[in-house]
Amino acid sequence: MVAIAIFDPWPKSSREELLGRSSELEELHRAIDKGEGLILVHGIKRIGKTSILRTFTSEVRGICLEPERAAKPKDLEASFAKALEDGFQRLSKIISDLKGVEVVRRSRGVVVRIDSRSLGPLWLGNIISEISKKVDRLVVAIDNAENIVSPVSRQLRMLISYSLDNIENVSFILAAPSSIAIHELLGLNERSSPLYGRKPYELGVEKLGREQSLELLSKGFKEQGLKTPREAEDAADFFEGIPGWLVYFGRSYLSGKSFESIVEEAVGIAVKELEELGETKILILKAISQGIRGVRDIQDYLARFGAEMRIAAVEMAILKLEKLGILRRLEIQDPVYRKAIEKTGF
């Protein structure tokens, strides 16, 4: 078997591997060319946001942060250092002599250390300012923005506001499962936020069309010297154009698994992810999966299972599911999640 690229489960970082997203990449290029300073990218889990950001930042010599969780200033510092490490090959001449940034070369790459104390409270803004002097336009992408919480979220608001006001050639791209989540993170509707009232450019990443899904699967099998199996049609229909699930199907099929067993395993993964939401949110999703839409009707459904909640609490729980990208207009977005809801034990 030849090396796997298309069916590799890790995010892509080149157009050759990232199929079906040329229009999104071109839209980002146009937004940057127009001088958009704040760009929001949103779409459900496994839709390909990380791959889009990695590919785009590689094309524009940008920086892509991917925080797993940022609750302390040191978390943001570590995430930024990791982004510089990942992009060192294309950014080496730019970051090697930055004040407060130490680059340690090792046999397997480099380690970047940031001395934020020597740079002061606006350390990240100062680094971005210095980098921006060496490029036509600096793009700073932040993936998994939903993982950034207070007090780091306040620090991020000040950083972006300071940069947009004082650095002419910088653009920020933030990605999360929903537009709501990023708006809340940045405080775009909060009068106390330094970013209040700013109008960002927004890019919603949608599911692939059926033909695009089949093209992705066909090229993935062709890469391995194989004909596209008949089950690819079933996968394109069932997984509804979600690249992460399509790649999961392709990789699993190559290992000899049947379509039915792959679906069962995917549903098992989704069940575990749903269980992390807690009983109340699972019950809300169950209610919605059964066609219940009114908030009071959902409240009554919860009460039948002993989950007494005020209307406001139900609305907040629904909003949380929307922020996570699981719901949109009271519809469950992921077909695997819809199937998994049936398997949860209520």
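This text follows the structure it describes.
Residues numbered from 1 in each chain as written. Predicted model: local features only at pLDDT ≥ 70, side-chain atom pairs only at ≥ 80, totals over all residues. Heavy atoms only, no water.

Things to note about the pattern of salt bridges
So, step 1. Taken as a whole and judged by the stated rule, the model has 23 salt bridges.
So, step 2. Note that Lys323 and Glu184 form a salt bridge whose closest N and O atoms lie 2.5 Å from each other. Placement of the pair is Lys323 in helix α15 (residues 311-323) and Glu184 in helix α8 (residues 179-186), with a sequence separation of 139 residues. (Salt bridge = Lys/Arg side-chain N within 4 Å of Asp/Glu carboxyl O. Helix = DSSP H or I, 4+ residues; strand = E, 2+ residues; numbered from the N terminus.)

Regarding the side chain of Ser163
So, step 1. Its location among the elements puts Ser163 in helix α7 (residues 152-166).
So, step 2. Judged by its relative accessible area of 0%, Ser163 is buried.
So, step 3. Within the structure, the side chain of Ser163 is placed 2.8 Å from the backbone oxygen of Leu159, a separation counted as a polar contact.
So, step 4. With near-sequence residues (within four places) excluded, Ser163 lies in contact with Ile128, Val170 and Phe172. (Buried < 20%, exposed > 50% of the residue type's maximum accessible area, 1.4 Å probe, protein only. Polar contact = N/O pair within 3.5 Å; in protein donor to acceptor, adjacent residues only side chain to side chain. Contact = heavy atoms within 4.5 Å.)

Things to note about the layout of surface pockets
So, step 1. The space that makes up the largest pocket amounts to roughly 1,600 Å³.
So, step 2. Around the largest pocket, the lining comprises 50 residues; the ones closest to its centre are Lys45, Arg46, Lys49, Asn144 and Glu273.
So, step 3. Elements with a minimum of two residues in the lining of the largest pocket: α2 (49-60), β6 (170-176), α11 (243-254) and α12 (259-275).
So, step 4. Here the lining of the largest pocket is composed, by residue class, of 23 nonpolar, nine polar and 18 charged.
So, step 5. Here the second largest pocket defines a volume of roughly 320 Å³.
So, step 6. Contributing to the lining of the second largest pocket are 13 residues, with Glu146, Asn147, Ile148, Val149 and Lys320 lying nearest its centre. (1 Å grid on protein atoms, 1.4 Å probe; cavity = no way out; pocket = protein on both sides within 12 Å on 5 of 7 lines; lining within 4 Å. Points joined across faces, edges and corners; volume = space filled by probe spheres on them. Nonpolar A, V, L, I, M, F, W, Y, C, P; charged D, E, K, R; others polar.)

What about the environment of Arg198?
So, step 1. When you line up the elements, Arg198 lands in the loop between α8 and β7 (201-204).
So, step 2. By relative accessible area, Arg198 is classed as partly exposed at 25%.
So, step 3. Dropping the residues within four chain positions of it, Arg198 is found in contact with Ser161, Leu164, Asp165 and Leu188.

What about unusual backbone geometry?
So, step 1. Here the bond from Ser150 into Pro151 is cis, since omega is 5°, no more than 30 degrees from zero.
So, step 2. Among the structural elements, Pro151 can be located in the loop between β5 (138-142) and α7.
So, step 3. We note that Asn144 has phi near 50°; this positive angle belongs to a residue other than glycine.
So, step 4. With respect to the secondary-structure elements, Asn144 resides in the loop between β5 and α7.
So, step 5. Notably, Leu330 is not glycine yet its phi reads approximately 55°, a positive angle.
So, step 6. For Leu330, the position within the fold is in the loop between β8 (327-328) and β9 (331-332).

Here's the deal with the environment of Gly325
So, step 1. With respect to the helices and strands, Gly325 occurs in the loop between α15 and β8.
So, step 2. Of the residues examined, Gly325 reaches a relative accessible area of 8% and is grouped as buried.
So, step 3. Residues Gly325 and Glu184 lie 141 residues apart in sequence; the distance between their C-alpha atoms is 14 Å.

Concerning the pairing of strand β1 (residues 38-42)
So, step 1. Judged by how many residues are buried, β1 sits mostly within the fold: five of five residues are covered.
So, step 2. Residues Leu38, Leu40 and His42 of β1 are buried on one face, and the alternating residues Ile39 and Val41, pointing to the opposite face, are buried as well.
So, step 3. Sheet analysis places β1 next to β6, joined by five bridges and oriented parallel. When the sheet's bridge partners are listed, Leu38 is paired in β6 with Phe172.
So, step 4. Two strands pair when backbone bridges link them, and β1 and β7 are joined in this way by four bridges, in the parallel orientation. The partner of Ile39 across the bridge, within β7, is Tyr201. (Pairing = 2+ DSSP bridges.)

Some thoughts on the packing of helix α6 (residues 123-132) against α7
So, step 1. α7 packs onto α6 with a crossing angle of 35° between their chain directions and a minimal axis gap of 9 Å. Both α6 and α7 take part in a crossing whose hand is right-handed. The segment α6 lies against α7, with Trp123, Leu124, Gly125, Asn126 and Ile128 engaging Gln155, Leu159, Tyr162 and Ser163.
So, step 2. Partitioning the contact of α6 with α7 into residue classes produces five nonpolar, four polar and no charged. (Axes fitted to C-alpha atoms, helices over the stretch in contact; angles between N-to-C directions. Left-handed = near helix turned anticlockwise from the far one by under 90°.)

Bear in mind that shape data such as this cannot, by itself, settle questions of function.
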